[in-house]
Amino acid sequence: MPEAAFTQGGFGAWILDPKRRGALLVTPALAILFVMNIFPLLWSFGLSFFNYKASSQRIPKFRGLDNYADVLTDDKVWERFQTTAIIVGSSVVMQLVVGFLLALLLAKTFPLRRIILMLILTPMMLSFVSVGVFFKLFYEPTFGVVSYVMNIFTAEPFVTLATPYGAIAGIVIADAWMWSPFVMLLVLAGLVSVPKYLYEAAEIDRASRWRTFRTITFPYIKSLLLLAVLFRTIETFKLFDIVYIITEGGPGSSTETIAVFLYRTAFQFFKTSQSSALAYIVLFIVIVLTNLYLYAVNRRVAEAEVE
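Residues numbered from 1 in each chain as written. Predicted model: local features only at pLDDT ≥ 70, side-chain atom pairs only at ≥ 80, totals over all residues. Heavy atoms only, no water.

## Topic: the overall build of the chain
Then step 1. For the chain, the helix and strand inventory stands at 14 helices and 2 strands.
Then step 2. Relative to a compact globule of 307 residues, whose C-alpha radius of gyration would be 19 Å, the chain shows 26 Å and is clearly more extended.
Then step 3. Dimensions of the chain, computed from C-alpha atoms along their principal axes, come out at roughly 80 × 55 × 45 Å.
Then step 4. The proportion of buried residues among the 307 residues of the chain is 33%.
Then step 5. When contacts within the chain are restricted to residue pairs at least 6 apart in sequence, long-range pairs at least 24 apart make up 67% of them.
Then step 6. For the chain, the exposed surface amounts to about 19,600 Å²; the carbon and sulfur share of it is 69%.
Then step 7. Positive and negative charge centroids in the chain, built from 25 and 20 side chains respectively, lie 3 Å apart. (Helix = DSSP H or I, 4+ residues; strand = E, 2+ residues; numbered from the N terminus. Rg over C-alpha atoms; globule rule 2.2 N^0.38 Å. Buried < 20%, exposed > 50% of the residue type's maximum accessible area, 1.4 Å probe, protein only. Contact = heavy atoms within 4.5 Å. Areas by Shrake-Rupley, 256 points an atom, 1.4 Å probe, with all protein chains shown as cover. Lys, Arg positive; Asp, Glu negative; His and termini not counted. Charge placed at Lys NZ, Arg CZ, Asp CG, Glu CD.)

So this is what it looks like as structure tokens:
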């Protein structure tokens, strides 16, 4: 069909209109986004107000906010939140400390620096499943490295994951081992951006190392540290794979995070409505954490403008 004849029609002229061409190019992506993301979110949000089970064929009954009330008054949910908070706090602090020390080490130029940097970044490139399986074998009481080393000092077999404290420590170490390089990259970017003449001026003034760090280095990496805290807190708050593979929430329920509890509520007990309500409570907590970070950043920017 010739283009002139095609443009004479209403639909053809509408397609070839340059003003609408951009909208047509974006439409497929928006359609996929709606089907894959927005519609499931709206559907699950609607289910949180009904009494519905995925394993049942009964017609859902409207319950209003009762599912949210049941979740917020459940002692098990608050215990899982407490466990999650312990794991998140311990893991994020360890990641910040290890990542910061690694960044200070790699900020200087030395032989084999690039090779060592690549080796340090390797854990971050692995999948959660591979890291979980690796550490599960690492903690194995019969042939694991930890048990083998501890058996040198103790006569009885050492089981790392046998106690709640040992299981939590095992999860924290696995998560910190995987994501400390991420913190290191952020801090390293800040350290590299510090002008060298500031250090030279501090050296001329005979400033101590602590004063140099406090007045020169730390202001350049403060915002990046806050960004690392935000990202790692949100991601660790949703930690599921490593916990489920290493301990499956045990011993007992001592390491059952809110993500593992949410999975079991939805796919093992088929309490679909309650799991949807719990999922949106978790989403609300993540939004609050993000807003707290943005508030801290905006406050820092306002203070800098005043100074």
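Now that the structure is up, let's keep going.
## Focus on the layout of surface pockets
Then step 1. Of the voids in this model, the largest pocket is the one considered here, and its volume is about 720 Å³.
Then step 2. Forming the boundary of the largest pocket are 16 residues, of which A107, K108, Y199, T212 and T217 lie nearest the centre.
Then step 3. For the lining of the largest pocket, the elements supplying multiple residues, two or more each, are α9 (164-192), α10 (196-204) and α11 (209-237).
Then step 4. Considered class by class, the residues forming the lining of the largest pocket number 9 nonpolar, 3 polar and 4 charged.
Then step 5. If you add up the space inside the second largest pocket, you get close to 470 Å³.
Then step 6. Every residue lining the second largest pocket is counted, 21 residues in all, and those nearest its centre are L262, S275, A279, Y280 and V282.
Then step 7. Elements with a contribution of two residues or more to the lining of the second largest pocket: α3 (18-47), α13 (258-267) and α14 (272-306). (1 Å grid on protein atoms, 1.4 Å probe; cavity = no way out; pocket = protein on both sides within 12 Å on 5 of 7 lines; lining within 4 Å. Points joined across faces, edges and corners; volume = space filled by probe spheres on them. Nonpolar A, V, L, I, M, F, W, Y, C, P; charged D, E, K, R; others polar.)

## Overview of a positive patch on the surface
Then step 1. Together, K53, R58, K61, K76 and K271 make up a positively charged patch on the protein surface.
Then step 2. Summarising the element assignment, K53 is placed in the loop between β1 (50-51) and β2 (61-62). (Patch = residues over 30% accessible without salt bridge, like charges linked within 9 Å, V, L, I, M, F, W, Y side chains within 5 Å. Salt bridge = Lys/Arg side-chain N within 4 Å of Asp/Glu carboxyl O.)

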